[in-house]
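# Observations on the three-dimensional arrangement
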Amino acid sequence: GLIIIELYQSKKELLAEQGFKLSYQLPEAALPQIWGDSVLLLECLERLLLVGTRNCLDGDKEVLLLANGNSEEVSLGISFGCNIDGAVLDQVKRVLVSENDMPELYSMPDYAPGMAIVSGYIKLHNGRIQITHQPGQYCNFTISLPVYQPQPSQ
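Below, the structure is looked at part by part. (Residues numbered from 1 in each chain as written. Predicted model: local features only at pLDDT ≥ 70, side-chain atom pairs only at ≥ 80, totals over all residues. Heavy atoms only, no water.)

## Quick notes on the state of the cysteines
As enumerated under the stated definition, the model contains 1 disulfide in all. At a sulfur-sulfur separation of 2.3 Å, the disulfide partner of Cys56 is Cys82. On the criterion of sequence distance, the pair formed by Cys56 in strand β2 (residues 56-69) and Cys82 in strand β3 (residues 73-84) is long-range, its members being 26 residues apart. Of the residues examined, Cys56 reaches a relative accessible area of 17% and is grouped as buried. Cys139 supplies the cysteine sulfur nearest to Cys44, a cysteine that is in no disulfide, at a spacing of 16 Å. Assessed through its relative accessible area of 1%, Cys44 is described here as buried. Cys82 supplies the cysteine sulfur nearest to Cys139, a cysteine that is in no disulfide, at a spacing of 8.0 Å. Looking at Cys139, the relative accessible area reads 0%, which means it is buried. (Disulfide = S-S within 2.5 Å. Helix = DSSP H or I, 4+ residues; strand = E, 2+ residues; numbered from the N terminus. Buried < 20%, exposed > 50% of the residue type's maximum accessible area, 1.4 Å probe, protein only.)

## Some remarks on the packing of helix α3 (residues 86-96) against helix α4 (residues 112-124)
Contact pair α3 / α4: the axes reach a minimum separation of 8 Å and the direction vectors enclose 40 degrees. Between α3 and α4, the interaxial angle falls into the category oblique. By crossing handedness, the relation of α3 to α4 is classed as right-handed. Across the interface between the two elements, Val92, Val95 and Leu96 of α3 pack against Ala112, Met115, Ala116, Val118, Ser119 and Lys123 of α4. Grouping the constituent residues of the contact of α3 with α4 by class yields 7 nonpolar, 1 polar and 1 charged. (Axes fitted to C-alpha atoms, helices over the stretch in contact; angles between N-to-C directions. Parallel < 35°, antiparallel > 145°, perpendicular 65-115°, else oblique. Left-handed = near helix turned anticlockwise from the far one by under 90°. Contact = heavy atoms within 4.5 Å. Nonpolar A, V, L, I, M, F, W, Y, C, P; charged D, E, K, R; others polar.)

Below is the structure:
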């Protein structure tokens, strides 16, 4: 959950200047530890936040950062109350689910290489990303990563 607070604190003022209201929601209980580089995970969340705020067409400019988890995985989410360009989301999904290096990536919009970084991080950590979108109403990005399982000492 600390990464959500860090993202909130680092982006709150910048997004307010752009007309967005940023807030966050965390569970009362501490979340389990995940395996991974927190700096890179923060960068992945920042890239998803950037795609959403840059491509918000209309609607509610509220952005909610969320974290929750269980004994198997921790999910970190960004929920946009605005309508995000469907063509942009299609390209983002295409990059995030790609199984190769996609040579055409560099002919895509400027956020595509950033999404390739997000995809690589998630795959490296055996995680997954989900994008849910209701045109004209909302868009959610959720990164789910497995909980850290210490290896038994030998």
